[in-house]
Amino acid sequence: MQPIISVQNVSKIYKGGFQALKHVDLEIKKGEIFALLGPNGAGKTTLISIICGIVNLSEGTVNAAGFDIVKDYRAARGAIGLVPQELSTDAFESVWNTVTFSRGLFGKPRNDAYIEKVLRDLSLWEKRHTSIRELSGGMKRRVLIAKALSHEPQILFLDEPTAGVDVELRRDMWAMVRELRRKGVTIILTTHYIEEAEEMADRIGIISKGEIILVDDKSALMEKLGQKQLAIQLQHPLTEIPANLSQYALTISEDNVTLVYTFDTQNEETGVAEILRKLNENGIEFKDLHSSQSSLEDIFVSLVHGND
Amino acid sequence: MNFYAVKAIYKFEMARTWRTLMQSIASPVLSTSLYFIVFGTAIGSRMQSINGVDYGAFIIPGLVMLTLLTQSLSNASFGIYFPRFSGTIFEVLSAPVSYVEILLGYVGAAASKSVMVGMLILVTARCFVDYEIQHPVWMFAFLVFTSVTFSLFGFIIGIWADSFEKLQLIPMMVITPLAFLGGSFYSIDMLPPFWQTVTLFNPVVYLISGFRWSFFGVADVNVALSLGMTVLFLVLCIVGVAWIFKTGYRLKD
Ligand SMILES: Nc1ncnc2c1ncn2[C@@H]1O[C@H](COP(=O)(O)OP(=O)(O)OP(=O)(O)O)[C@@H](O)[C@H]1O
Ligand SMILES: [Mg+2]
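Note that the structure is predicted; figures quoted are calculated from it, not measured. (Residues numbered from 1 in each chain as written. Chains lettered and ligands numbered in written order. Predicted model: local features only at pLDDT ≥ 70, side-chain atom pairs only at ≥ 80, totals over all residues. Heavy atoms only, no water.)

### Section: the overall build of chain B
Turning to step 1, where the next piece is worked out: When you go through chain B residue by residue, the secondary structure sums to 10 helices and 0 strands.
Turning to step 2, where the next piece is worked out: If you list the helices and strands of chain B from N to C, you get α-α-α-α-α-α-α-α-α-α.
Turning to step 3, where the next piece is worked out: Its C-alpha atoms give chain B a radius of gyration of 19 Å, within 12% of the compact-globule value 18 Å for 253 residues.
Turning to step 4, where the next piece is worked out: Expressed along its principal axes, the backbone C-alpha trace of chain B runs to roughly 60 × 35 × 35 Å.
Turning to step 5, where the next piece is worked out: Each of the 253 residues in chain B was classed as buried or not, and the buried ones make up 52%. (Helix = DSSP H or I, 4+ residues; strand = E, 2+ residues; numbered from the N terminus. Rg over C-alpha atoms; globule rule 2.2 N^0.38 Å. Buried < 20%, exposed > 50% of the residue type's maximum accessible area, 1.4 Å probe, protein only.)

### Some points on the overall build of chain A
Turning to step 1, where the next piece is worked out: Within chain A one finds 10 helices and 14 strands.
Turning to step 2, where the next piece is worked out: For chain A, the C-alpha radius of gyration of 25 Å lies well beyond 19 Å, the compact-globule estimate for 308 residues.
Turning to step 3, where the next piece is worked out: Dimensions of chain A along its principal axes, counting C-alpha atoms only, are 80 × 45 × 40 Å.
Turning to step 4, where the next piece is worked out: Counting all 308 residues of chain A, 47% fall into the buried class.

### Digging into a nonpolar patch on the surface
All names here are of chain B.
Turning to step 1, where the next piece is worked out: Together, Leu30, Leu34, Ile37, Val38, Ile43, Met47 and Phe128 make up a nonpolar patch on the protein surface, roughly 590 Å² of accessible area in all.
Turning to step 2, where the next piece is worked out: The element contributing the most residues to the nonpolar patch is helix α2 (residues 21–43), with 5 residues.
Turning to step 3, where the next piece is worked out: With respect to the secondary-structure elements, valine 38 resides in helix α2.
Turning to step 4, where the next piece is worked out: Accessibility expressed as a relative area gives 41% for valine 38, which makes it partly exposed. (Patch = residues over 30% accessible without salt bridge, like charges linked within 9 Å, V, L, I, M, F, W, Y side chains within 5 Å. Areas by Shrake-Rupley, 256 points an atom, 1.4 Å probe, with all protein chains shown as cover. Salt bridge = Lys/Arg side-chain N within 4 Å of Asp/Glu carboxyl O.)

### Thoughts on the domain arrangement of chain A
All names here are of chain A.
Turning to step 1, where the next piece is worked out: Entries for chain A in the domain assignment read domain 1 (5–79 + 153–222), domain 2 (95–148) and domain 3 (227–306).
Turning to step 2, where the next piece is worked out: Spacing between the C-alpha centres of domain 1 and domain 3 amounts to 38 Å.
Turning to step 3, where the next piece is worked out: On the side of domain 3, 7 residues touch domain 1, which itself brings 12 residues to the contact.
Turning to step 4, where the next piece is worked out: Across the domain 1/domain 3 interface, buried area totals approximately 840 Å², and carbon plus sulfur atoms make up 85% of it.
Turning to step 5, where the next piece is worked out: By the criterion of area lost to domain 3, the three top residues of domain 1 are Ile194, Ile206 and Ile213, representing 46% of everything that side buries. (Domains from an automatic or database assignment. Contact = heavy atoms within 4.5 Å. Buried area = accessible area lost by both parts, 1.4 Å probe.)

### Topic: the sheet that holds strand β6 (residues 80–83) of chain A
Residues and elements named next belong to chain A.
Turning to step 1, where the next piece is worked out: Pairing is mixed across the open sheet formed by 6 strands, whose spatial order is β6-β7-β8-β3-β9-β10. The two strands at the open ends of the sheet, each matched to only one other strand, are β6 and β10 (211–217). Adjacent strand axes in the sheet meet at a mean angle of 15° when their direction is disregarded.
Turning to step 2, where the next piece is worked out: Pairing geometry for strand β3 (residues 33–37) and strand β9 (residues 203–208), over 4 bridges, is parallel. Each bridged residue has a counterpart across the sheet, and for leucine 37 the counterpart in β9 is isoleucine 206.
Turning to step 3, where the next piece is worked out: Contacts from helix α1 (residues 44–52) reach β3, β6, β7 (155–159), β8 (186–191) and β9, with the element oriented near 150° to β7. (Pairing = 2+ DSSP bridges. Axes fitted to C-alpha atoms, helices over the stretch in contact; angles between N-to-C directions.)

Laid out in structure tokens, this is it:
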């Protein structure tokens, strides 16, 4: 299937010479939730801004909803809704006016029933006549979401939607994002919360220093990550793994006092019980056991550091 | 053409006018009334008529122009500067709108507001002095042309400015002096010959002179020249705006 967004060889050099993106290639599939992860300054917002038409690209091409974002900017932009990272809202306008303004700006005829639904879904209906400066930060964020949804976009960008948002609202947002996806909206979000990406995304991309360093299905990533490690603290140092244990993926730590067993949690038989029994048979005593599972955060950190 | 977008921007900008009614409409009307009382009624009663026009009436076109220039500049420059300053400009930049549509919305609203204020001042002036308009259609044309031109100019200033101070700079330091010295309160042939020549480099002279002609049929400079200059400024501003949009100057990184 044709991707709904395709970014080809996009570079961005800001005035002053800083290169924020380096030959980025990325394809977003229609209807998916894509999470873009990366440390501060990696270029996430720059990439999103280019796709949305706020920042000019220095090199490369971008297609959105089948249209070139430069040549066919009207059609491309009309398909996109953007919730920016910064809480930039009007101050004195009412919630209702600012949201209907957005709909008009995107070339859609007035539709009060639709706007009402959006505001109700975001629990903003009661506040529709309130001027925006009187709203709390979390509410302002929701107003920005309402503005982005006001023109019924096919593609929604959420640039750190849950930064500074309380747990409850974050849950609400996740539910809302899933609901939008169910209706066929493609969602691209950036986040610094790995658990958010784990929870929400179908695919995950990692960007660092202006380069995409990994794009994969979340499930594939999780599978790689689905490995568990069991650390067995030995009573006495061990230099060699006994022959009857050689069939297991066991390693000895450098100081020879820890035996590390790596296994797949998906397997029926993890082999843990067997190993412990055989250790006993060999008279190897241990004083403690500790198991750990690598998380998205771990690969994230290792990848990003690997890119240093 | 994205008419919904033009309408949305226009409505949004006009809503700002209604919300700040005192500042945007009442205050220019009040300050011009003060000019009428001081210069028109009090001082004017002791002044000779100029070119056969009573001094109180003579200053009306000048005062309207003065207000038109400052209002157009401040409305349009603020209208575009503020979203840049607050960051809300991202939405306009990400919307499926062309630059022409953005201009129609912002400059259209600013110019409409100026025309409204100008008309209001004309009505207010009627309370102080008797006057007639010989060429009402030309009068209105000058009013609209000037409002549009200076709203465009204001738009350019609003894009160029990167601080509130700079936003005020050109209106205060350039336009107000030019307007005062452009014959708002006197006819330029009341000046010594040397200063008459210098004055001809002041673009505002042509605007005021043409506008005054539409009222009283008398002018400092040829009407055709006035009209030509007005159109020239309009074209210059359009070229400036076109350049800004083409290069994305101060709008897009
Ligand atoms: N307008 C600009 N002019 C010059 N440099 C810029 C500009 N905007 C961003 N940059 C630089 O480009 C790099 C990428 O910035 P960007 O905002 O895209 O990062 P990000 O991944 O969104 O970071 P964060 O997680 O902090 O939001 C940064 O080094 C930043 O300093
Ligand atoms: Mg960012």
